[in-house]
Amino acid sequence: MNKRFAKPQVLVLGGNFAGLGAAQKIRDYAGDACDITVIDRKGYLDFIPNIPLEVFEGRDPAVTMHMNLVEVLAKDDIAFKQAEITGIDIAARTVRMRPSERPGAPEYTMRYDYVVIALGARLAYDDIEGFAEYGHTISDAFHANRMIDYLKHDYQGGPIVVGSDRFEQGQKGRPDWLPTALAACEGPPVEVSLSLAHWLEENGKGGAKDITIFTPAELIAEDAGEKVVGQLLDAAGAMGFGYVNKVEGIKRLTKDTIEFTDGRSLPAEMKVIFPNWKPHDFLKGLPVSDEVGFIITDMRMRNPDHPEVFACGDAAAITVPKLGAIGHQECDVVGRQIAGDLGKLSSAEANKEWHPEVVCIGDMGGGKAFYIHANSWFGGDIQELRMGKIPYMQKVAYKELFFRNHGRVPGWGVPLAEWSAENLIRA
């Protein structure tokens, strides 16, 4: 333990879902046995899952989807530093950071006894030739507002494509049971396609027949399982959507087309893209990282060679697909592990087995949504798909619950959502 501190120091790098969740779970399980500091470049949390719903229903997600992070953390006696992480020295157990409140700050160093890397991933739009000129997306408030502005004022009714670039998944330290994903997460392309089609219809600008969904994989949203994907594709086909698979990756965007690395192209006035997800540059080459820069962990979210290093959420190599629900599950694991180390939980409680599952609720427009619950990607036998008004109400209610409880969703929240979606409606 650092000699200048009376308690073990836990640094949590990142303050969005995984970072906030990990910090809160550590405090829940470890109590006051440690000091916790969260470091993030911004002082608010982005509630990313509901951005498409908000913008297509006429609300600005920059107003409705941001939650004050500093006040939330203070309620649990968790310190916050607004700074950009610039490096980690694993041997010295230090983190380098640059304060981000005002430009021009120097770098500072903080020591840790435990570090939780929950920085998410870098969305590599800047790797796609032509994206700035001809591409759109909906992964944050800036881009969502830019896209809806284009649809309202500039869209001429031409063909639209929606899909993902190829995901570069590392292999070093990867467990045998974890499949190779060709896209980081394809719930968002499915969600945006459905909700965009409804918006076009409502505004007299087209509909599903104008949209082609593409994927680098053999099946879009393959982590949901063949049964679920088959149901989704049948429903999308009946609505009039086009579908193109195995495009390998995006080569470039032009004014009127999208070109793929396999030589194919599609006409497209509008290109809605979800990019490759890359680790932050300073994570590459660390002794805890795989060959692309994601953090290697075991099923307890600890690095095997440096057990004081944890990762959860999108920064962890084991998080595939890059899905919020999986990050939520991992946060609980991290909290239990650190609490066990500090003598606050028994070994049995600290080492409870983690069973990763895909849980996804996506907006369809018109007050409807789809709900997916599956573990077939991880070798299980669950493949559930439901569509209708109840999943939509769940999606809205979860956000309200999250904000009202300052990021703390009661333990019954997720199981209740699963039960209601799978029992109150039928496919």
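Residues numbered from 1 in each chain as written. Predicted model: local features only at pLDDT ≥ 70, side-chain atom pairs only at ≥ 80, totals over all residues. Heavy atoms only, no water.

Participant: What should I look at first to understand the overall build of the protein chain in this one?
Facilitator: The helix and strand inventory of the protein chain stands at 12 helices and 22 strands. Taken over the C-alpha trace, the protein chain has a radius of gyration of 21 Å; the compact-globule value for 427 residues is 22 Å, and the two agree within 12%. Each principal axis of the C-alpha distribution contributes one length, and for the protein chain these read about 65 × 50 × 40 Å. In the protein chain, buried positions account for 55% of the 427 residues. Look at the contacts in the protein chain between residues 6 or more apart in sequence, and 64% of them connect residues 24 or more apart. Element-wise, carbon and sulfur atoms account for 50% of the exposed surface of the protein chain, whose accessible area totals about 18,000 Å². Of the side chains in the protein chain, 46 bear a positive and 60 a negative charge, and the two mean positions are spaced by 4 Å. (Helix = DSSP H or I, 4+ residues; strand = E, 2+ residues; numbered from the N terminus. Rg over C-alpha atoms; globule rule 2.2 N^0.38 Å. Buried < 20%, exposed > 50% of the residue type's maximum accessible area, 1.4 Å probe, protein only. Contact = heavy atoms within 4.5 Å. Areas by Shrake-Rupley, 256 points an atom, 1.4 Å probe, with all protein chains shown as cover. Lys, Arg positive; Asp, Glu negative; His and termini not counted. Charge placed at Lys NZ, Arg CZ, Asp CG, Glu CD.)

Participant: Looking at this structure, I do not really get the pairing of strand β11 (residues 160–164). What am I missing?
Facilitator: If a strand is regular, its side chains alternate between the two faces of the sheet. For β11, the tally of buried residues reaches 5 of 5 residues, placing the bulk of the element in the interior. Both faces of β11 are covered, namely the face carrying I160, V162 and S164 and the face carrying V161 and G163. As paired elements, β11 and strand β12 (residues 211–214) share 4 bridges and run parallel to each other. Following the sheet pairing, G163 is matched in β12 by F214. For the crossover from β11 across helix α7 (residues 187–202) to β12, the handedness is right-handed. In terms of strand pairing, β11 meets strand β17 (residues 270–274) through 5 bridges, oriented parallel. (Pairing = 2+ DSSP bridges. Right-handed = clockwise from strand over helix to strand, strands pointing away.)

Participant: Help me understand the packing of aromatic side chains, please; the structure alone is not making it clear to me.
Facilitator: Aromatic ring pairs are defined here through the distance separating the ring centres and the angle between the ring planes. With the rule as written, the count across this model stands at 10 aromatic pairs. Consider the rings of F17 and F402, whose centres lie 5.3 Å apart with planes at 75°: the pair is edge-to-face. Taken together, the residues span a long stretch of sequence, with F17 in helix α1 (residues 17–30) and F402 in helix α11 (residues 389–404) at a distance of 385 residues. According to the relative accessible area criterion, F17 is partly exposed, its value standing at 25%. Ring plane angle 65° and centroid distance 6.1 Å describe the contact between W177 and F378, whose orientation is recorded as edge-to-face. Of the two residues, W177 is situated in the loop between β11 and α7 and F378 in the loop between β21 (368–374) and β22 (383–388); the sequence distance between them amounts to 201 residues. (Phe/Tyr/Trp six-rings, centres within 6.5 Å; stacked < 30°, edge-to-face > 60°.)

Participant: Teacher, can you tell me more about the packing of α1 against helix α9 (residues 324–341) here?
Facilitator: Helix-helix packing is characterised by the crossing angle of the two axes and by the distance between the axes. Running from amino to carboxyl end, α1 crosses α9 at an angle of 35°, the nearest separation of the two axes being 8 Å. Handedness of the crossing formed by α1 with α9: right-handed. Counted together, F17, A18, G21, A22, K25, I26, Y29 and A30 of α1 and C331, D332, V334, G335, R336, I338 and A339 of α9 form the full contact between these two elements. (Axes fitted to C-alpha atoms, helices over the stretch in contact; angles between N-to-C directions. Left-handed = near helix turned anticlockwise from the far one by under 90°.)

Participant: Looking at this model, I keep getting lost on the side chain of T37. Mind explaining?
Facilitator: Mapping T37 onto the fold places it in strand β2 (residues 35–40). Among residues more than four places away in sequence, those in contact with T37 are V10, L11, V12, A79, K81 and M110.

Participant: I tried to follow the UniProt feature "domain: FAD/NAD(P)-binding" (unreviewed entry) in the protein chain on my own but got confused; where do I start?
Facilitator: As recorded in UniProt, the sites labelled "domain: FAD/NAD(P)-binding" (unreviewed entry) are residues 9–146. Span residues 9–146 is 29% helix and 33% strand, its end C-alpha atoms 41 Å apart. (UniProt positions renumbered as here; feature names shortened; annotations may be inferred.)

Participant: Mind showing me how you'd approach the packing of helix α6 (residues 141–153) against α7 here?
Facilitator: Interhelical geometry of α6 versus α7 gives an angle of 30° and a closest axis separation of 12 Å. One way to sum up the angle between α6 and α7 is to call them roughly parallel. Crossing geometry of α6 relative to α7 is assigned as right-handed. In contact with I148, L151 and K152 of α6, α7 contributes L196, W199 and L200. Here the contact of α6 with α7 is built from residues that sort into 5 nonpolar, no polar and 1 charged. (Parallel < 35°, antiparallel > 145°, perpendicular 65-115°, else oblique. Nonpolar A, V, L, I, M, F, W, Y, C, P; charged D, E, K, R; others polar.)

Participant: In this structure, what is going on with the nonpolar core? I would like to understand it.
Facilitator: One broad trend across soluble globular proteins is that nonpolar side chains are buried collectively. One finds I26, V116, I117, L151 and I372 to be the most contacted residues of the largest nonpolar core, which totals 115 residues. Contact partners of I117, with chain neighbours within four places excluded, come to L13, I88, L283, I295, V309, F310, A311, C312 and A315. By size, the runner-up hydrophobic cluster in this structure holds 14 residues, among which are Y125, V161, I250 and L266. (Core = buried A, V, L, I, M, F, W, Y, C linked by side-chain atoms within 4.5 Å.)

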